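Architecture at a glance
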Amino acid sequence: GKFVRHVSIGSKGLIRPFMTPEHDAFRDSISRFVAKEIEPNVTAWDEAGSFPRELYKSASNAGFLQIGFPEQYGGVPTRDPSFLALAAEELSAAG
C-alpha cells in the first residue's frame, strides 16, 4: 500500500509533519476553548488589568491544566512536549 503521512497545518500556517491527528484534535479543542472563553473577554480583562480566577477552573475542567503532570495528582502524563507547545501557541494567539 501507499505510505500516507499525516501533515498538520498549525494556526500560524506552519507545516508540522511531526504532528499526529491526536495533536490536531487537541489543538482544535484548545482553539475552541480560547474562542469561547477567552477571546470575547480579552479587551475587558486588559482594561481591568486582570482576569477572573474562574478561568483557571474552566481551563482545568476542559483538561488543559493537567497536561504533563502525573496521574496520581490528577494529571495527564505525556512524554510529548508538543502538547504543551500547542497549548501555549493557542493561548497566546488570543492576545
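Residues numbered from 1 in each chain as written. Predicted model: local features only at pLDDT ≥ 70, side-chain atom pairs only at ≥ 80, totals over all residues. Heavy atoms only, no water.

1. Thoughts on the nonpolar core
Counting 16 residues, the largest nonpolar core has Phe 26, Ile 30, Phe 33, Val 34, Ile 38, Leu 55 and Phe 64 as its most contacted members. If you list the elements that add at least two residues to this core, you get helix 1 (21-38), helix 2 (42-48), helix 3 (54-61) and helix 4 (82-92). Counting residues per element, this core draws most heavily on helix 1, which supplies five residues. Every residue in contact with Leu 55, bar those within four places of it in the chain, is listed here: Phe 33, Glu 37, Ile 38 and Trp 45. (Core = buried A, V, L, I, M, F, W, Y, C linked by side-chain atoms within 4.5 Å. Buried < 20%, exposed > 50% of the residue type's maximum accessible area, 1.4 Å probe, protein only. Helix = DSSP H or I, 4+ residues; strand = E, 2+ residues; numbered from the N terminus. Contact = heavy atoms within 4.5 Å.)

2. Some thoughts on helix 4
Taken together, the buried positions of helix 4 are Ser 82, Phe 83, Leu 86, Ala 87, Glu 89 and Glu 90. Taken around the axis of helix 4, the buried residues stretch over an arc of 165 degrees, which confines them to a single face. (Arc of directions from axis to C-beta.)

3. A look at the packing of aromatic side chains
Using the criterion set out here, one finds five aromatic pairs in the structure. Between Phe 26 and Phe 83 the ring centres are 5.3 Å apart and the planes differ by 85 degrees, which places this aromatic pair in the edge-to-face class. Placement of the pair is Phe 26 in helix 1 and Phe 83 in helix 4, with a sequence separation of 57 residues. When its relative accessible area of 13% is taken as the criterion, Phe 26 is described as buried. Where Phe 51 meets Tyr 56, the ring centres are 5.6 Å apart and the plane angle is 55 degrees; that geometry is what we call tilted. Phe 51 sits in the partly exposed class, given a relative accessible area of 39%. Put simply, the rings of Phe 26, Phe 33, Phe 64 and Phe 83 pair up and form one aromatic cluster. (Phe/Tyr/Trp six-rings, centres within 6.5 Å; stacked < 30°, edge-to-face > 60°.)

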